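Residues per chain are reported as follows:
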Amino acid sequence: MASYSSDKDAYLKRLRRIEGQIRGLQRMVEEDKYCIDVLTQVAAATKALQAFSLELLDEHLATCVVQHERAETYPDGLFARLGEAGLLGLPYAEELGGGGQPYEVYLQ
């Protein structure tokens, strides 16, 4: 069972709202709206999708990760998958999906 199952309706409602934003973007392009207006709406849709993904990640960390910790298991390729999703901090090695920079770079 997925960790988000208990809040599935709320997640679907948020995704439908984001889907509506995307449809609005399509209409804006079809109607030749001003580029900055389109980009503003792209930024809003991107922020909404990022907020959704972070909430889903929080849910995952609170449930699935705790289960793995208790069982002392570690899913293969987890860091790579988080990096591909853009959810991994930059100080991690590039082969793990991070930026490969030392911590000192981020402290400046």
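The present account deals with the structure reproduced in this document. (Residues numbered from 1 in each chain as written. Predicted model: local features only at pLDDT ≥ 70, side-chain atom pairs only at ≥ 80, totals over all residues. Heavy atoms only, no water.)

### Focus on the pattern of salt bridges
Close approach of charged atoms allows side chains with opposite charge to pair.
Move 1: Under the definition given, this model contains 3 salt bridges.
Move 2: Between Arg 14 and Glu 55 there is a salt bridge; the shortest N-O distance is 2.2 Å. Here the residue Arg 14 occupies a position in helix α1 (residues 8–30), and Glu 55 occupies one in helix α2 (residues 35–71), the gap between them amounting to 41 residues.
Move 3: A salt bridge links Lys 33 to Glu 31; the shortest N-O distance between them is 3.8 Å.
Move 4: The partly exposed category is assigned to Lys 33, whose relative accessible area is 44%. (Salt bridge = Lys/Arg side-chain N within 4 Å of Asp/Glu carboxyl O. Helix = DSSP H or I, 4+ residues; strand = E, 2+ residues; numbered from the N terminus. Buried < 20%, exposed > 50% of the residue type's maximum accessible area, 1.4 Å probe, protein only.)

### Overview of the packing of aromatic side chains
Move 1: One pass over the full model with this rule turns up 1 aromatic pair.
Move 2: Here the aromatic rings of Tyr 11 and Phe 52 are separated by 5.5 Å at their centres, their planes lie at 90 degrees, and the arrangement is edge-to-face. Taken as a pair, Tyr 11 in helix α1 and Phe 52 in helix α2 lie far apart in primary sequence, 41 residues in all. For the pair formed by Tyr 11 and Phe 52, the shared burial category is buried. (Phe/Tyr/Trp six-rings, centres within 6.5 Å; stacked < 30°, edge-to-face > 60°.)

### As for a nonpolar patch on the surface
Move 1: On the surface, Tyr 34, Ile 36, Leu 39 and Val 42 cluster together into a nonpolar patch covering about 400 Å² of accessible area.
Move 2: Relative to the helices and strands, Tyr 34 resides in the loop between α1 and α2. (Patch = residues over 30% accessible without salt bridge, like charges linked within 9 Å, V, L, I, M, F, W, Y side chains within 5 Å. Areas by Shrake-Rupley, 256 points an atom, 1.4 Å probe, with all protein chains shown as cover.)

### Comments concerning α1
Move 1: Relative to the 33 Å expected for 23 residues at 1.5 Å per residue, α1 spans 33 Å between its end C-alpha atoms, a close match to the ideal helical length.
Move 2: If you check which residues of α1 are buried, you get Tyr 11, Ile 18, Gly 24, Leu 25 and Met 28.
Move 3: Those residues of α1 hidden inside the fold are in contact with α2.
Move 4: One or two positions beyond α1, positive phi appears at Asp 32, with a value near 55 degrees. (Expected span 1.5 Å × (residues − 1). Contact = heavy atoms within 4.5 Å.)

### Quick look at the environment of Phe 52
Move 1: Taking the relative accessible area as the measure of exposure, Phe 52 reaches 10% and is therefore buried.
Move 2: A sequence separation of 38 residues divides Phe 52 from Arg 14, and the C-alpha atoms of the two residues are 7.6 Å apart.
Move 3: Setting aside its immediate chain neighbours within four residues, Phe 52 contacts Tyr 11, Arg 14, Leu 15 and Ile 18.

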